[in-house]
Amino acid sequence: MTCDQLDELIEAITDGESPPEECEAHLASCPRCTASLALARALDRTLLAREVPAPPPGFTARVMQGVGQERWRAEQIVDAGFNIAIAFGVALIALGAVALAFSFGWLTVDRPTIEALGAAVQPWLSSLADDLRTVGLAAMLLTSALAVWWWVEGESSL
Amino acid sequence: MMLEMDSTSEHELVERCREGDEQAFRELVERYKGLVFALVARSISDPARAEDMAQEVFLRVHRGLPYFRGESRLSTWIYRVAVNLVLAQPRTVPTESLEGSGEGPPREFGTADRSFEDLALRDRMEKAIRRLPAQYRVLIHGHYMKGLQYEELAAALDLPMGTVKTHLHRAKRQLRKLLETEFR
């Protein structure tokens, strides 16, 4: 048996696996391999005897504080979404009410005002109409990307 | 360190956590903080950063509990979260790690001043461990941690039992080689 062959077996021997018979003979005549085996055993002892680091006092409380902060942030996001939805709903209702008022003739606007409003909005509307397809596609892609990111984030954070 | 839990109480604890029971999650942290902190603190030499990382492990566990399907033991899953976080850290090799290098004959063990030799070996060994690849470091830290079963280590690292054993032998061999050469 050569030194290289024995070197491959040293960790297994240290783990208590029974070595081939030639190992004993080689070790008896090779101070270098004997020293390597002694080092491997000393390493094993030292690794076993290492002090286990203990968490500092207040560790659990700090984790729970972090959990509370994360929960608060999540609630803030939900709250913000809810508020936006409410505002959007209120705006829709107001718009509907105005439209109804117009249709029943309770609300009238004189022609020059309508024309002035139309002239102001016209360029903006026409530019929006030109870009509508691009904007719609971008919004769809962004929404899909956000949905995929949200899903992947949930899985990969583990 | 880690307390054994039967599968029923483990399942109950997970369910209570999922329902938002803060006390249940506190209990979970109390049960596993020793294991998680020991692994992280052994892998990260800066104590303040180690605590931050150990806390991050539990925050990830909290976020991930809804996705925990119970296919493995809770401790294994938590350990896997910790291992993934440790492995994702950029490798830092302290500059003092080469202090032990030098010329001279290999040190002998079993001499009269054993305790001094042990202390010196521990110091060199800690420096050498930091030079190992991240996965080998995690294997050595995990294997020599009381309370962590061999099977759990294999499951946490997503490796077959036989492969874990082979990798562990390689890790220890590499560590020994470092001590025989650079950290004599």
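Our subject is the structure listed above.
Below or above, wherever it landed, is the structure these notes cover. (Residues numbered from 1 in each chain as written. Chains lettered and ligands numbered in written order. Predicted model: local features only at pLDDT ≥ 70, side-chain atom pairs only at ≥ 80, totals over all residues.)

**What about the overall build of chain A?**
Here is step 1 of the chain: A tally of regular secondary structure across chain A gives 5 helices and 0 strands.
Here is step 2 of the chain: Going from N to C terminus, chain A has its helices and strands arranged as α-α-α-α-α.
Here is step 3 of the chain: The buried share of chain A, taken over its 158 residues, is 9%. (Helix = DSSP H or I, 4+ residues; strand = E, 2+ residues; numbered from the N terminus. Buried ≥ 20, exposed ≤ 12 C-beta atoms within 10 Å, placed from the backbone.)

**Remarks on the overall build of chain B**
Here is step 1 of the chain: Counting its secondary structure elements, chain B contains 8 helices and 0 strands.
Here is step 2 of the chain: Order of helices (α) and strands (β) in chain B, N terminus to C terminus: α-α-α-α-α-α-α-α.
Here is step 3 of the chain: Looking at chain B as a whole, 34% of its 184 residues are labelled buried.
Here is step 4 of the chain: Partitioning the contacts of chain B with sequence separation of at least 6, the portion at a separation of at least 24 is 74%. (Contact = placed C-beta atoms within 7 Å.)

**Brief notes about the nonpolar core**
Here is step 1 of the chain: Formed by 56 residues in total, the largest nonpolar core has its most connected members in B:V36, B:L39, B:V40, B:V57, B:I78, B:A82 and B:L175.
Here is step 2 of the chain: A total of 11 residues in this core trace back to one element, the largest contributor, which is helix α2 (residues 22-43) of chain B.
Here is step 3 of the chain: B:L175 has contacts with A:L43, B:A128, B:I129, B:L132 and B:I140, leaving out every residue within four places of it along the chain. (Core = buried A, V, L, I, M, F, W, Y, C linked by C-beta atoms within 7 Å.)

**Thoughts on the interface of chain B and chain A**
Here is step 1 of the chain: On the side of chain A, 30 residues touch chain B, which itself brings 42 residues to the contact.
Here is step 2 of the chain: Put simply, the parts of the chain that give the side of chain B that touches chain A at least two residues each are α2, α3 (47-64), α5 (114-129) and α8 (161-180) of chain B.
Here is step 3 of the chain: Of the residues belonging to the side of chain B that touches chain A, the class tally is 20 nonpolar, 6 polar and 16 charged. (Nonpolar A, V, L, I, M, F, W, Y, C, P; charged D, E, K, R; others polar.)

**A short note on the packing of α3(B) against helix α4 (residues 74-87) of chain B**
Residues and elements named next belong to chain B.
Here is step 1 of the chain: At a closest axis distance of 9 Å, the pairing of α3 and α4 adopts a crossing angle of 125 degrees. With respect to their mutual orientation, α3 and α4 come out oblique. In the packing of α3 onto α4, the handedness of the crossing is right-handed. Here α3 contributes M53, E56, V57, R60, V61 and G64 to the contact with α4, which in turn contributes I78, V81, A82 and L85.
Here is step 2 of the chain: Split into classes, the residues belonging to the contact of α3 with α4 amount to 7 nonpolar, 1 polar and 2 charged. (Axes fitted to C-alpha atoms, helices over the stretch in contact; angles between N-to-C directions. Parallel < 35°, antiparallel > 145°, perpendicular 65-115°, else oblique. Left-handed = near helix turned anticlockwise from the far one by under 90°.)

**Some points on helix α1 (residues 3-14) of chain A**
Here is step 1 of the chain: In this model, α1(A) (12 residues) spans 16 Å end to end at C-alpha, consistent with the 16 Å of a helix rising 1.5 Å per residue.
Here is step 2 of the chain: Each element contacted by the buried residues of α1(A) is listed here: α2 (21-29) and α3 (31-49) of chain A together with α8 of chain B.
Here is step 3 of the chain: Downstream of α1(A) by a residue or two, A:G16 has a phi angle that is positive, lying close to 100 degrees. (Expected span 1.5 Å × (residues − 1).)

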